[in-house]
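Okay, here's what each chain looks like letter by letter:
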Amino acid sequence: MTETAASSSKGSPSGRQSGKRGFFAGIVLFIRQVIAELKKVVTPTRRELLNYTLVVIGFVIVMMLIVTVLDLVFGQGAFFIFGDGAPEQ
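As for the overall build of the chain
Here is step 1 of the chain: For the chain, the count of helices and strands is two helices and zero strands.
Here is step 2 of the chain: As displayed, the chain has an accessible area near 8800 Å², and 67% of this comes from carbon and sulfur atoms.

Here's what the structure looks like:
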């Protein structure tokens, strides 16, 4: 039978309550869990990294264009409503 994360005894020592753990024991447990999670990280390949980078740059460019167009529209709307500030003659 396989051991699952819920039934694993690695996270908490047997016979002790999880709320009664000492301060330093909690820190050590946290560091062990961080290291265990970091071992699961998969580094992307060069091709994947390039692809992700291009997607992010493309998204940023599209968002910049949207913000630029909205800025121009609202700016022109403000000039139309309030005028350019010059006195009328």
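Let's talk about the packing of aromatic side chains
Here is step 1 of the chain: The final tally for this structure, using the stated rule, is one aromatic pair.
Here is step 2 of the chain: Ring geometry for Phe23 versus Phe24: centroids 5.3 Å apart, planes at 75 degrees, classification edge-to-face.
Here is step 3 of the chain: Relative accessible area serves as the criterion here: at 62%, Phe23 is assigned to the exposed category.

Focus: helix H2 (residues 46–82)
Here is step 1 of the chain: Helix length check: H2 (37 residues) gives 53 Å between terminal C-alpha atoms against 54 Å at 1.5 Å per residue, within 8%.
Here is step 2 of the chain: Residue Gly83 follows H2 closely and has a positive phi angle near 85 degrees.

Here's the deal with a nonpolar patch on the surface
Here is step 1 of the chain: On the surface, Phe23, Phe24, Ile27, Phe30, Ile31, Val34, Ile35, Leu38 and Val41 cluster together into a nonpolar patch covering about 940 Å² of accessible area.
Here is step 2 of the chain: With respect to the secondary-structure elements, Ile27 resides in helix H1 (residues 23–39).

Rules and cut-offs
- Residues numbered from 1 in each chain as written.
- Predicted model: local features only at pLDDT ≥ 70, side-chain atom pairs only at ≥ 80, totals over all residues.
- Heavy atoms only, no water.
- Helix = DSSP H or I, 4+ residues; strand = E, 2+ residues; numbered from the N terminus.
- Areas by Shrake-Rupley, 256 points an atom, 1.4 Å probe, with all protein chains shown as cover.
- Phe/Tyr/Trp six-rings, centres within 6.5 Å; stacked < 30°, edge-to-face > 60°.
- Buried < 20%, exposed > 50% of the residue type's maximum accessible area, 1.4 Å probe, protein only.
- Expected span 1.5 Å × (residues − 1).
- Patch = residues over 30% accessible without salt bridge, like charges linked within 9 Å, V, L, I, M, F, W, Y side chains within 5 Å.
- Salt bridge = Lys/Arg side-chain N within 4 Å of Asp/Glu carboxyl O.

By themselves, these observations are geometric and do not establish any function.
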